[in-house]
Amino acid sequence: MSNRQTLLLISHGQLARVDILAGKSPRVKDIWTRERMPGESTATLVDAAIRLGAKKTGEVWVFLNESWTGVIQLAGDVARALESDELHQAIALEAENYSGISAFDSHLGMHVLPNDADGEARWWVTQVPQSDWQEVEQVVRQFGGKLTGMG
């Protein structure tokens, strides 16, 4: 983990950048905010949020309203029978039903949840279009940072 963390928040009306110095006693170094520009792409909004502060970013986390997040369930026996890549694809296909984002053109973040009362396997999933992920990753790299997560 880098000593410098940058959090970018993109809400319906605001952009914010928070720089954190990580370590034994993490602390907020700086906070900047501004009004959001309507109708801009995710990458453009990330660019604008990064530009609110110093050029150096470190590890960057992007939090935005536009990503889809929710709980995905699969039958326990099905989940146990699938290899890692197959399981990832099955979860992406199931998420597509809710998000409308193509399973074959998306980037997933997943966290395993306890099985439900019926034994169904569950995950907390965030799904973003692959093109958004790639464009945001490129913007972050331009500022010397590393995209660590988006959701």
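Just above sits the structure.
Residues numbered from 1 in each chain as written. Predicted model: local features only at pLDDT ≥ 70, side-chain atom pairs only at ≥ 80, totals over all residues. Heavy atoms only, no water.

Asker: I keep staring at the pattern of salt bridges and nothing clicks. Help me out?
Answerer: Between side chains of opposite charge, a pair can form as their charged atoms come close. This structure, assessed with the given rule, holds four salt bridges. With a closest N to O distance of 4.0 Å, Glu137 and Arg141 form a salt bridge. Of the two residues, Glu137 and Arg141 both sit in helix H4 (residues 130–142), four residues apart, roughly one turn of that helix. On the basis of relative accessible area, Glu137 is assigned to the partly exposed category, the value being 28%. (Salt bridge = Lys/Arg side-chain N within 4 Å of Asp/Glu carboxyl O. Helix = DSSP H or I, 4+ residues; strand = E, 2+ residues; numbered from the N terminus. Buried < 20%, exposed > 50% of the residue type's maximum accessible area, 1.4 Å probe, protein only.)

Asker: Looking at this structure, I do not really get helix H3 (residues 84–99). What am I missing?
Answerer: One full turn of an α-helix is made of 3.6 residues, so residues set three or four places apart face in the same direction. Along its 16 residues, H3 runs 22 Å from first to last C-alpha, staying within 8% of the 22 Å computed at 1.5 Å per residue. Listed in full, the buried residues belonging to H3 are Leu87, Ile91, Ala92, Ala95 and Ser99. Buried residues of H3, seen end-on, are gathered within an arc of 135° and therefore sit on one face of the element. In this structure, the buried residues of H3 make contact with strand S5 (68–74), helix H2 (76–81), strand S6 (106–113) and strand S7 (121–129). Backbone geometry just downstream of H3 places Gly100 in the positive-phi region, at approximately 80°. (Expected span 1.5 Å × (residues − 1). Arc of directions from axis to C-beta. Contact = heavy atoms within 4.5 Å.)

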